Amino acid sequence: MKPRDIFLTKLRRGATPRVGTGSATSIVTADLMDKVGVYFPDAHLDAEKMARLAEAGYTELGFDNVMPLFGVWHEAAAMGCEMDWGDRNHMPDGKTVCDTIDEEFHVPEDFLNHPACAVPLKALKLLKQRVGNDVAVVGKVFGPWTLAYHIFGVEEFLMSTLLEPDAVKRILRELIKVPIAFAKAQIESGADALTLADHCTRDLCSPDAYKDFLFDIHSELHESIPCPLILHICGDTSDRLKYIRETGIDCFHFDSKIGCTNARELAGETLALMGGTSNMRIVKDGTPETITNDVEEKLRQGIDVVGPECAVPLDAPYKNLKMIAELTKKLSIEKIAAEK
Ligand SMILES: [Zn+2]
């Protein structure tokens, strides 16, 4: 079974000869940029460079998927936010908020033509041609909650959820057009599956707010986007996993703050789980011993795709990611053989 088939089968919790390994979010480190000879900010703005750096997730690290959208600002940039696209040691960041929450706000019709969206679409095409037979090509879109932070500012948006919930609901309905259109364009460009990232963690969105504002939106995104979806939410999401598993979304990319025993219990048997490996303790500061113990724990708890919990810190050593991928393959094959 090819890595691509293992990854995509695991998103549905199907039977495979080994456990999957990969990530829904960025696997780029500064030393991986050195190895490939491609750097931020070029890797966000040039499709050829973006594809080359993403491809290293497979060719250098040994993961079962590639994912070229390293930053979190592509859609907001395409909608007019001014950007600092970062460098070897910095992730991209928006410089200013770019709109206000009012009746006038509308998603620009041509946002997909902006380079911030057009470049990743072209990079997905290149990846599909180059490695798409062997590994899963994964795209990424942001949900309306994160987009609202980027466009209106976190504080302004969160205040509005309390003061003018109806205006917020209208804004979220308007913003849902963005992930739907961008997702469809990414699928046309060759994406086999998509990360849906939405930063509605506990410190930024209560469980009631999740149910009120986002449950229907995430369920609708699952229904409108015709490929497997991997929902990524950072932080401790244990109080909303019961809702997430009802959205119909295929897979949840989880943070180590939940803990993998807890994550599997809350996710039940049908929601696939990816990630959960601590970016600080294991990806950045791990030793062969702590990494081995961590991978073994993931395999015991039935994690379907083992890998980092979120975008890896740029100052982590890429060799640790490579070790996670190698150990996941080796130990899961041994475990499956021993159980027969
Ligand atoms: Zn995250």
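Residues numbered from 1 in each chain as written. Predicted model: local features only at pLDDT ≥ 70, side-chain atom pairs only at ≥ 80, totals over all residues. Heavy atoms only, no water.

### A word on the overall build of the protein
- Counting secondary structure elements, the protein contains 16 helices and 10 strands.
- In terms of overall dimensions, the protein has a C-alpha envelope of 60 × 40 × 35 Å along the principal axes.
- Counting every position in the protein, which comprises 340 residues, the buried fraction comes to 59%.
- Sequence-distant contacts in the protein: of pairs separated by 6 or more residues, those separated by 24 or more amount to 74%. (Helix = DSSP H or I, 4+ residues; strand = E, 2+ residues; numbered from the N terminus. Buried < 20%, exposed > 50% of the residue type's maximum accessible area, 1.4 Å probe, protein only. Contact = heavy atoms within 4.5 Å.)

### Side note on the nonpolar core
- Counting residues in each nonpolar core, the largest one holds 99 residues, and the members touching the most others are Phe7, Trp145, Phe152, Phe157, Leu175 and Phe252.
- Of the residues forming this core, the biggest block, seven residues, is contributed by helix 11 (residues 207–224).
- Filtering out sequence-adjacent residues up to four positions away, Phe7 remains in contact with Asp64, Asn65, Ala136, Val138, Ile230, Met274 and Val305. (Core = buried A, V, L, I, M, F, W, Y, C linked by side-chain atoms within 4.5 Å.)

### What about the coordination of the zinc ion?
- Protein-derived ligands of the zinc ion are His232 (NE2), Cys234 (SG) and Cys310 (SG), with the metal-ligand distances lying across 2.0 to 2.2 Å.
- Ordering the donors of the zinc ion by residue number gives the pattern H-x1-C-x75-C. (Donors = N, O, S within 2.8 Å, 3.2 Å for Na, K, Ca; no water.)

### A look at the environment of Thr100
- Considering the arrangement of structural elements, one finds Thr100 in the loop between strand 4 (93–94) and helix 6 (115–131).
- A relative accessible area of 46% means that Thr100 is categorised as partly exposed.
- With 52 residues separating them along the chain, Thr100 and Phe152 place their C-alpha atoms 5.7 Å apart.
- Excluding residues within four positions of it along the chain, Thr100 makes contact with Phe105 and Phe152.

### Looking at the environment of Ala15
- Its place among the elements puts Ala15 in the loop between helix 1 (3–10) and strand 1 (20–21).
- The class for Ala15 is exposed, based on a relative accessible area of 74%.
- Setting aside anything within four residues of it in sequence, one finds Ala15 in contact with Met1 and Thr9.

### Details of the side chain of Lys140
- Within the secondary structure layout, Lys140 lies in strand 5 (residues 136–142).
- Buried within the structure, Lys140 lacks any salt-bridge partner; Glu75 is the closest side chain of opposite charge, at an N-O distance of 7.5 Å.
- Engagement of the side chain of Lys140 in a polar contact is seen with the backbone oxygen of Gly71, the distance being 3.0 Å.
- With residues near it in sequence (within four places) discarded, Lys140 still touches Ala24, Met67, Leu69, Phe70, Gly71, Val72, Glu75, Phe182, Gln186, Leu194 and Thr195. (Lys, Arg positive; Asp, Glu negative; His and termini not counted. Salt bridge = Lys/Arg side-chain N within 4 Å of Asp/Glu carboxyl O. Polar contact = N/O pair within 3.5 Å; in protein donor to acceptor, adjacent residues only side chain to side chain.)

### Digging into the pairing of strand 6 (residues 193–197)
- Among the five residues of strand 6, five are classified as buried, and the element is accordingly described as predominantly covered.
- The side-chain alternation of strand 6 yields two buried faces, one formed by Ala193, Thr195 and Ala197 and the other by Leu194 and Leu196.
- Strand direction decides the pairing type here: strand 5 and strand 6, joined by five bridges, are parallel. In the sheet register, Phe142 faces strand 6, and the bridge partner there is Ala197. (Pairing = 2+ DSSP bridges.)

### Comments concerning the packing of aromatic side chains
- Inspection of the entire model under this criterion finds seven aromatic pairs.
- Between Trp145 and Tyr149 the ring centres are 6.4 Å apart and the planes differ by 65 degrees, which places this aromatic pair in the edge-to-face class. Here Trp145 pairs with Tyr149, and both are found in helix 7 (residues 144–152), just four residues apart, close to one helical turn. This pair shows no difference in class: Trp145 is buried, exactly as Tyr149 is.
- Here the aromatic residues Trp145, Tyr149, Phe157 and Phe213 are joined through ring pairs into a cluster of three or more.
- Lying over the aromatic face of Phe213, Lys169 brings its terminal NZ or CZ to 5.5 Å of the ring centre. (Phe/Tyr/Trp six-rings, centres within 6.5 Å; stacked < 30°, edge-to-face > 60°. Lys NZ or Arg CZ within 6 Å of the ring centre and 35° of its normal.)

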